[in-house]
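# Reading the structure
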Amino acid sequence: MVGTFVYGMVGQHEELVRQYEEAFGYVRPRGGGWYEKDDGARTMILYGSSGDYGEPRLAFLNRIPAELKGYKFYFRVGPGFPMNELDLEDVEWF
């Protein structure tokens, strides 16, 4: 099972799904949420969930755009909550 990390500035998660599907074909969302990307600190903080696609299923997060290689990924329930660093050892950078 491949879980590709897709992110962008949109109003609704559905827009990301539609854009990705138009570019690459079939899409099966495995949850959603928000992110905070800090280019200076090279961190990507994932949090929350999607009203349409639910909680992110991080076990499927195994394919990340190469432009984010070198970033540390963290997950937290929401702003102000503790962060947990995600293990990216087996991630494919594409």
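This write-up is about the structure you can find in this document.

## Some details on the pairing of strand 2 (residues 43-47)
- Of all five residues that make up strand 2, five are buried, and the element is covered over most of its length.
- Judged by which residues are buried, strand 2 turns out to be covered on both faces: Thr43, Ile45 and Tyr47 on one side and Met44 and Leu46 on the other are all buried.
- With five bridges connecting them, strand 1 (residues 34-38) and strand 2 associate as antiparallel partners. Looking across to strand 2, one finds that Asp38 is bridged to Thr43.
- Between strand 1 and strand 2, which pair antiparallel one after the other, the connecting turn spans four residues, and Arg42 there sits at a positive phi close to 55°.

## Considerations on the side chain of Ser50
- As for its position among the elements, Ser50 is in the loop between strand 2 and strand 3 (63-64).
- A polar atom in the side chain of Ser50 sits 2.9 Å from the backbone nitrogen of Tyr53.
- Excluding its chain neighbours within four sequence positions, the residues that come into contact with Ser50 are His13, Gly32 and Gly33.

## As for the sheet that holds strand 2
- Taken in spatial order, the four strands line up as 1-2-4-5 in an open sheet, and their pairing is mixed. Each edge of the sheet is formed by a strand with only one pairing partner; in this case those strands are strand 1 and strand 5 (84-85).

## Section: the pattern of salt bridges
- Tallying each qualifying case throughout the model produces five salt bridges.
- Where Arg76 meets Glu36, a salt bridge forms, and the shortest distance between an N and an O atom there is 3.0 Å. Linking Arg76 in strand 4 (residues 72-76) with Glu36 in strand 1, this pair joins segments that are 40 residues apart in sequence.
- Relative accessible area serves as the criterion here: at 30%, Glu36 is assigned to the partly exposed category.
- For Lys72, the salt bridge is made with Glu85, and the minimal N-O distance between the two is 3.9 Å. Of this pair, Lys72 sits in strand 4 while Glu85 is found in strand 5, placing the two residues 13 residues apart along the sequence.
- Overall, Lys72 belongs to the partly exposed group, its relative accessible area being 42%.
- Among the residues examined, Glu85 registers a relative accessible area of 47% and is labelled partly exposed.

Cut-off values and rules
Residues numbered from 1 in each chain as written. Predicted model: local features only at pLDDT ≥ 70, side-chain atom pairs only at ≥ 80, totals over all residues. Heavy atoms only, no water. Buried < 20%, exposed > 50% of the residue type's maximum accessible area, 1.4 Å probe, protein only. Helix = DSSP H or I, 4+ residues; strand = E, 2+ residues; numbered from the N terminus. Pairing = 2+ DSSP bridges. Polar contact = N/O pair within 3.5 Å; in protein donor to acceptor, adjacent residues only side chain to side chain. Contact = heavy atoms within 4.5 Å. Salt bridge = Lys/Arg side-chain N within 4 Å of Asp/Glu carboxyl O.

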